[in-house]
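Below are the chains, spelled out letter by letter.
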Amino acid sequence: MRGLLTELLHRLALLSSAGALILSVQGAIGQKPLYRLEGHLPAVVARSIPGQPLPPTQPLQLMLVLQMPNQKKLDDYVKRIYTPTDPLYHHYLTPQQFGDMFGLSQADYNRVIQWAKSQGFQVTQTYKNRLLLGVTTSAMKAQNAFHVKLRQYTGPDGSKFYAPDQNPVAPPVPIVGIVGLDNAGKLKPLLQFPGGYGQPPFIGSPYPPTPGGPSVPINSPPIYAGPRPLNVGTGPAGGLAPSDIQTAYNITSSVLRGDKQILGLVELDGYVASDITQYVSQFGLNAPRLQNVLLDGFKGTPVSLGGQIEVTLDIDMMIALSDNASEILVYESPNSSYDFLLNLATIANDDIATSISCSWGRPEDRTPLSYLIAENYTFVQMATQGQSFFDAAGDNGAYDDGVTLSVDDPADQPFVTGVGGTTLTTNGPGGTYASETVWNNDVIDGGGGGGGGISTHWALPGYQYGLISPASLGSLSLRNVPDVALDADPNTGYDIYVNNNFGWFTVGGTSAAAPLWAAFTADINAGLTAIHQNPIGFINPVLYNIARNSTKYANDFHDITTGDNGFYPAVPGYDDATGLGSFNGANLYAELVQPPPPANLIGNPGFENGFDPSPWIVTPGVISDSLIEPPHTGYWDAWLCGYPLPHTDILEQFVSIPSAVSNITLSFYLHIDTANTATTAEDTLQVEILDPNGNLLDLVHTFSNLDANTGYVKETFSLPTTLAGQVIILRLVGTQITFAPTSFVVDDFDLTAN
């Protein structure tokens with residue numbers, strides 16, 4: 001029995017202390033004024049020779065990176081939408097919703113815009129996430145606004161660039177970073193050619209010579225001059241054709257090849273559409289519509305031979321495994337830090353492509369921290385929107401910067417799926433899978449190898465907890481890269497076609513592995529669409545969960561256990577050379593393309609929101625944490641009746657029942673405690689189903705003082721399937737008609753519809 005006054009005072013005290021806690025926390029999170037914004041000096045500056053100041057009129061494109069108001073709230077939301085048992089599982093946001101929930105308020109965003117204009121900046125791009133703002137200005141205005149001097153430098157490799165002389169001063173608005181104050185690091189395509197060439201082994205390139213490449217007349221007829229690959233496939237140049245990839249990685253007829261899906265590519269160069277037509281025609285593939293999205297004045301015309309080959313390779317690989325896709329969006333922009341971020345942010349802002357690949361990157365240790373943060377904003381936004389993002393992990397093995405143990409960005413990002421490289425062996429040209437080892441063509445001596453290692457910036461993501469073994473030499477506290485892998489060795493690589501002058505040749509690199517994983521994920525999305533499910537979204541959590549089940553892991557993945565990438569060895573399970581390994585296509589597809597287990601349709605099922613009962617509607621005093629009637633689990637329960645006088649309590653919730661269900665099951669835990677010694681049912685708990693207007697549809701069950709027990713009992717009921725497609729009210733009514741109290745204590749509700 002509970003005393004009303006005691007319970008009321010207890011609850012008021014708790015509410016008072018909770019309110020004080022909220023106020024103290026709000027006071028604690030007030031930001032101190034920022035002075036110098038760290039993380040804006042490229043590491044290469046320390047090894048470079050300073051030159052003249054940047055001309056005052058030099059135009060600059062800047063991306064202002066704004067403060068995220070509540071990072072903890074965002075982290076919690078992402079965790080929920082990728083937890084299968086959570087009611088929010090795969091309930092994705094739109095860009096506008098993301099901005100409203102996690103970006104600056106519109107008023108604060110407008111304040112940043114007005115400050116930028118007051119500095120003479122021209123606002124060129126606003127974003128729905130309200131975490132980025134694009135502007136153009138001059139070197140002089142930027143120097144005045146951020147209290148820096150921009151200077152030209154000559155890098156240790158002879159390259160020319162500009163950068164600030166110190167970190168910028170923070171303005172009086174919530175800006176945490178400025179992208180574009182330097183142009184020290186261009187991104188490079190992560191592809192390789194047979195024999196270890198990092199540059200296209202062509203003679204007579206129609207483009208200006210690549211530094212370190214052959215010196216040849218510009219107008220010479222271009223011909224392929226590199227080594228030929230091993231005869232591993234049935235393609236025209238001896239490389240892997242689409243059917244070879246499908247056979248080797250078990251992409252059977254049970255796998256939908258991207259049906260009705262829209263894919264996306266991040267590109268920093270252009271391509272020739274007729275090259276793609278030739279690839280499609282040669283292999284008898286369907287042709288998804290190619291839609292070019294040209295950014296920042298880019299015309300779509302190839303700028304460099306290596307860049308053109310990269311874009312062509314990416315498109316071909318997507319078509320190879322996903323040729324029934326409806327569209328491939330090719331986002332093309334110039335190659336600069338600003339434009340790469342613009343490219344990523346536009347894909348997130350558009351929110352059209354659900355599976356995206358990028359095969360461009362640069363060493364993490366040569367990427368300013370402010371830039372990494374800006375990228376992270378965009379990738380976490382994509383995750384909340386159900387977009388999958390795959391990125392090549394690099395082709396320099398464990399030494400991404402060529403000198404030290406390092407990883408590639410953006411494959412290092414925690415909301416990106418980093419794709420490493422393997423060397424594939426099949427049972428003859430066009431044959432089935434035989435084995436894989438780590439791709440390592442003497443990376444220490446300048447050959448290629450699958451990128452991988454340990455981030456120096458990002459903490460170990462939750463999905464990697466418990467899977468990093470000592471033998472792998474991976475980190476237990478920092479992000480490990482890559483997540484997955486696929487064939488990337490150019491000697492066992494992929495045939496593509498680049499215009500009539502070059503013709504057919506074979507190319508590899510993690511550049512090929514990333515779009516293949518993205519295409520396979522589009523296949524998974526096609527399968528999910530066919531059973532009316534949302535896209536798989538950020539795929540890392542589900543892949544690592546598979547690895548926690550040894551039977552599923554052995555069935556769905558090829559675990560690479562031989563070789564190393566110059567430092568990190570392949571070991572059983574996860575490793576920093578090949579991640580979880582390569583996909584066993586049809587098996588992994590079947591694992592991921594199935595209806596999810598029935599979700600609990602009850603919100604706040606165990607009352608663990610405390611005194612906030614929503615979405616329950618309750619009689620005051622029903623939600624309890626009293627030790628007199630302890631909960632089944634957790635800290636809270638719903639305690640109906642139990643007073644020293646007649647009383648009625650109600651506990652109810654609106655529930656939406658899905659349509660086309662075969663059974664509906666309700667369960668909860670019930671403890672009945674009574675002082676009523678009557679031999680007839682006097683005090684009752686009725687479980688009812690009503691329509692939204694309060695009309696009774698079904699009296700599920702009636703409990704009474706005669707059902708008193710000594711502990712919790714799980715009560716389970718089948719509800720009529722005629723409720724399918726309806727909004728109902730689940731109502732529990734506790735009625736005590738005597739002065740001898742009867743307590744009906746309920747906890748841990750579950751309402752599922754299969």
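Residues numbered from 1 in each chain as written. Predicted model: local features only at pLDDT ≥ 70, side-chain atom pairs only at ≥ 80, totals over all residues. Heavy atoms only, no water.

**Regarding the nonpolar core**
Selection criterion: To qualify as a nonpolar core, a set must consist of buried Ala, Val, Leu, Ile, Met, Phe, Trp, Tyr and Cys residues joined through side-chain atoms within 4.5 Å. Three exposure classes are used, based on accessible area relative to the maximum for each residue type with a 1.4 Å probe and protein chains only: buried under 20%, partly exposed in between, and exposed over 50%. Runs of E in the DSSP output that reach at least two residues are strands. Runs of H or I that reach at least four are helices, and both are numbered from the N terminus. The criterion used for residue contact is that any of the two residues' heavy atoms lie within 4.5 Å.
With 150 residues, the main nonpolar core has Phe 146 and Trp 517 as its most contacted residues. It is helix α12 (residues 510-530) that provides the largest number of residues to this core, a total of 11 residues. Not counting the four nearest positions on each side in its chain, Trp 517 is found in contact with Phe 390, Val 419, Val 484, Ala 485, Leu 486, Leu 543, Phe 557, Gly 581, Ser 582, Phe 583 and Leu 588. The next biggest cluster of nonpolar side chains, apart from the first, holds 34 residues, and it includes Trp 636, Ile 657, Leu 723 and Ile 728.

**Comments concerning the sheet that holds strand β35 (residues 727-736)**
The line we're drawing: Pairing between strands is defined by DSSP: at least two bridges between the two strands are required.
Reading across the sheet, the 5 strands line up as β27-β30-β35-β32-β33 and stay open at both edges, with antiparallel pairing between neighbours. Both outer strands of the open sheet, β27 (617-618) and β33 (696-704), are each paired with one neighbouring strand and no more. The pairing of strand β32 (residues 684-690) with β35 spans 7 bridges and is antiparallel. From the neighbouring strand, Thr 684 faces β35, where its bridge partner is Thr 735.

**Looking at the side chain of Glu 591**
Stated formally: Pairs of N or O atoms are called polar contacts if they sit within 3.5 Å, as long as, within protein, a hydrogen donor faces a hydrogen acceptor (for residues adjacent in sequence, only side-chain-to-side-chain pairs).
Checked against the element boundaries, Glu 591 lands in helix α15 (residues 585-592). Side chain to side chain, Glu 591 and Lys 552 meet in a polar contact 3.4 Å long. Other than its neighbours up to four places away in sequence, Glu 591 contacts Ile 546, Lys 552 and Asp 556.

**Describing the sheet that holds strand β7 (residues 175-179)**
The strands that make up a sheet pair up through hydrogen bonds in the backbone, lying either parallel or antiparallel. In plain terms, the rule: Angular values range over 0 to 180 degrees, each being the angle between N-to-C directions of two axes fitted as lines to C-alpha atoms, with helices fitted over their stretch in contact.
A sheet is described by the order of its strands in space; here 4 strands give the open sequence β3-β4-β2-β7, paired in antiparallel fashion. Lying at the two open borders of the sheet, with one neighbouring strand each, are β3 (122-126) and β7. Going across the sheet, the axis of each strand differs from the next one's by a mean of 30°, ignoring polarity. Two elements, β3 and strand β4 (residues 132-138), share 4 bridges in a ladder whose sense is antiparallel. Counted as the bridge partner of Gln 125 is Gly 134 from β4. Across the face of the sheet, helix α5 (residues 139-146) comes into contact with β2 (59-66), β4 and β7 while running at roughly 120° to β4.

**Here we look at the packing of aromatic side chains**
The criterion, for reference: Side-chain rings of Phe, Tyr and Trp, where Trp is taken by its six-membered ring, are said to pair if the distance between their centres is within 6.5 Å; with planes under 30 degrees apart they count as stacked, over 60 as edge-to-face, and otherwise as tilted. Any Lys NZ or Arg CZ found within 6 Å of a ring centre and within 35 degrees of that ring's normal is scored as a charge over the ring.
According to the stated counting rule, one finds 34 aromatic pairs in the structure shown. Seen in terms of ring centroids, Phe 668 and Phe 717 are 6.2 Å apart; in terms of plane orientation they differ by 35°. Their pairing is tilted. One end of the pair, Phe 668, is in strand β31 (residues 664-674); the other, Phe 717, is in strand β34 (residues 713-719), with 49 residues separating them in the sequence. Pairwise contacts between aromatic rings join Tyr 82, Tyr 92, Phe 415, Tyr 463, Phe 538, Tyr 544 and Tyr 574 into one cluster. For Arg 362, the ring lying beneath its charged end belongs to Tyr 371, and the centroid distance is 4.7 Å.

**Details of the confidence of the model for the chain**
The condition that has to hold: Per residue, pLDDT measures the predictor's confidence, with a range of 0 to 100.
Residues of the chain with pLDDT of at least 70 account for 90%, and the chain-wide mean is 89. The low-confidence segment residues 208-221, where pLDDT is below 50, has 16 contacts with residues more than four positions distant or belonging to other chains.

**Examining unusual backbone geometry**
Geometrically, the link from Val 481 to Pro 482 is a cis peptide bond, its omega value of 5° lying close to zero. Within the element layout of this structure, Pro 482 appears in the loop between β21 (478-481) and β22 (484-487). Residues Ser 614 and Pro 615 are joined by a peptide bond in cis, for which omega reads 5°. Position of Pro 615 among the secondary structure elements: in the loop between α15 and β27. In this structure, His 147 takes a positive phi of about 55° despite not being glycine. Following the sequence through the fold, His 147 ends up in the loop between α5 and β5 (150-154). Overall, His 147 belongs to the partly exposed group, its relative accessible area being 48%.

**So, the side chain of Asn 565**
Topologically, Asn 565 is positioned in the loop between β25 (557-558) and β26 (582-583). Look at Asn 565 and you get buried, because its relative accessible area is 0%.

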